[in-house]
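Below are the chains, spelled out letter by letter.
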Amino acid sequence: MTHQRLVIFEEVAKSHDHPDAETICQRVREKIPTVSLDTIYRTLWMLDSLGLITTVGPSREKVRFDGNVTPHHHFVCSICGEAHDVDCPGLDSVTAPEEVEGIGRVNAVHVELRGVCKRCEKQTGSRERHI
Ligand SMILES: [Zn+2]
Ligand SMILES: [Zn+2]
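The rules we used
- Residues numbered from 1 in each chain as written.
- Chains lettered and ligands numbered in written order.
- Predicted model: local features only at pLDDT ≥ 70, side-chain atom pairs only at ≥ 80, totals over all residues.
- Heavy atoms only, no water.
- Donors = N, O, S within 2.8 Å, 3.2 Å for Na, K, Ca; no water.
- Buried < 20%, exposed > 50% of the residue type's maximum accessible area, 1.4 Å probe, protein only.
- Tetrahedral: all angles 85-135°; square planar, octahedral: opposite > 155°, others 65-115°.
- Helix = DSSP H or I, 4+ residues; strand = E, 2+ residues; numbered from the N terminus.
- Axes fitted to C-alpha atoms, helices over the stretch in contact; angles between N-to-C directions.
- Parallel < 35°, antiparallel > 145°, perpendicular 65-115°, else oblique.
- Left-handed = near helix turned anticlockwise from the far one by under 90°.
- Contact = heavy atoms within 4.5 Å.
- Nonpolar A, V, L, I, M, F, W, Y, C, P; charged D, E, K, R; others polar.
- Core = buried A, V, L, I, M, F, W, Y, C linked by side-chain atoms within 4.5 Å.
- Salt bridge = Lys/Arg side-chain N within 4 Å of Asp/Glu carboxyl O.
- Pairing = 2+ DSSP bridges.

A. The arrangement of the coordination of the zinc ion (ligand 2) in detail. For the zinc ion (ligand 2), the full set of protein donor atoms is His18 (NE2), Asp66 (OD), His72 (NE2), His74 (NE2) and Asp85 (OD), and the range of their distances to it is 2.0 to 2.2 Å. According to the relative accessible area criterion, His18 is buried, its value standing at 2%. Overall, the relative accessible area of 9% leaves His72 in the buried class.

The structure is reproduced here in structure tokens:
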């Protein structure tokens, strides 16, 4: 791994706030001012494919990166894309239905709870609460 990649990896590994690529870019620039967002993206997807980090979130554009690769669940806000870790032993013991065996082998169960975070709820107001 190159020095640049290592710095990017370290930033994600020590983060607990599920930063998006732009946030990671800002943090890495404190150490490597010349790094481009493009490099950040490429490196993040490479680290993801190596299983060194993982991703959370509703879409590729709003994707968040997670340095915590141990099994855990998330609450993801569908407006701002912010992800919060959720520990729920009840969810850990969820077993995949037998039909899944026809598709493939399950390695992990990841539950993504979707909703609107308190901050976004305040901003959008009660008007849109029923969407
Ligand atoms: Zn939100
Ligand atoms: Zn997480």
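What follows picks up the thread again.
B. Structural detail: the coordination of the zinc ion (ligand 1). Every protein donor of the zinc ion (ligand 1) is accounted for by Cys77 (SG), Cys80 (SG), Cys117 (SG) and Cys120 (SG), and the metal-donor separations fall at 2.3 Å. One can describe the donor arrangement at the zinc ion (ligand 1) as tetrahedral, given that its four donor atoms subtend angles of 105 to 118 degrees at the metal. Read N to C, the donor residues that coordinate the zinc ion (ligand 1) are spaced as C-x2-C-x36-C-x2-C. Of this pair, Cys77 sits in strand 3 (residues 73-77) while Cys120 sits in helix 5 (residues 118-124), placing them 43 residues apart in sequence.

C. Up close: the packing of helix 1 (residues 3-14) against helix 2 (residues 21-29). Following both chains from N to C, one finds helix 1 and helix 2 inclined at 120 degrees, their axes separated by 10 Å at the closest point. Taken together, the axis directions place helix 1 and helix 2 in an arrangement best described as oblique. When the axes of helix 1 and helix 2 are compared, the crossing they make is right-handed. Touching Val7, Ile8, Glu11 and Val12 of helix 1 are Ile24, Arg27 and Val28, all from helix 2. Along the lines of polarity and charge, the residues of the contact of helix 1 with helix 2 split into five nonpolar, no polar and two charged.

D. The nonpolar core, seen in detail. With 15 residues, the main nonpolar core has Ile8, Ile24, Val28, Ile40, Leu44 and Phe65 as its most contacted residues. Listing elements by their share of this core, those giving two or more residues are helix 1, helix 2 and helix 3 (37-49). By residue number, the principal contributor to this core is helix 2, which donates four residues. Beyond its immediate stretch of four places on either side in the chain, Leu44 contacts Ile8, Val12, Ala21, Ile24, Ile53 and Phe65.

E. Molecular detail of the pattern of salt bridges. One pass over the structure, following the stated rule, counts six salt bridges. With its nearest N and O atoms 3.3 Å apart, the salt bridge here joins Asp38 to Arg42. In this pair, Asp38 and Arg42 are both assigned in helix 3, four residues apart and thus about one turn of the helix distant. On the accessibility criterion, Asp38 (48% relative accessible area) is partly exposed. Across the pair Arg114 and Glu112 runs a salt bridge, and its minimum N-O distance is 2.9 Å. Among the residues examined, Glu112 registers a relative accessible area of 24% and is labelled partly exposed. One network of salt bridges, with partners in common, ties together Glu11, Lys14 and Lys31.

F. Summary view of the sheet that holds strand 4 (residues 83-86). Taken together, the three strands give an open sheet; going across it, the order is 4-3-5, and neighbouring strands pair in mixed fashion. For this open sheet the edge positions go to strand 4 and strand 5 (112-115), each flanked by a neighbour on one side alone. Each adjacent strand pair in this sheet contributes to an overall mean axis angle of 25 degrees, direction not counted. In terms of strand pairing, strand 3 meets strand 4 through four bridges, oriented antiparallel. Looking at the pairing, His74 lines up with Asp85 of strand 4.

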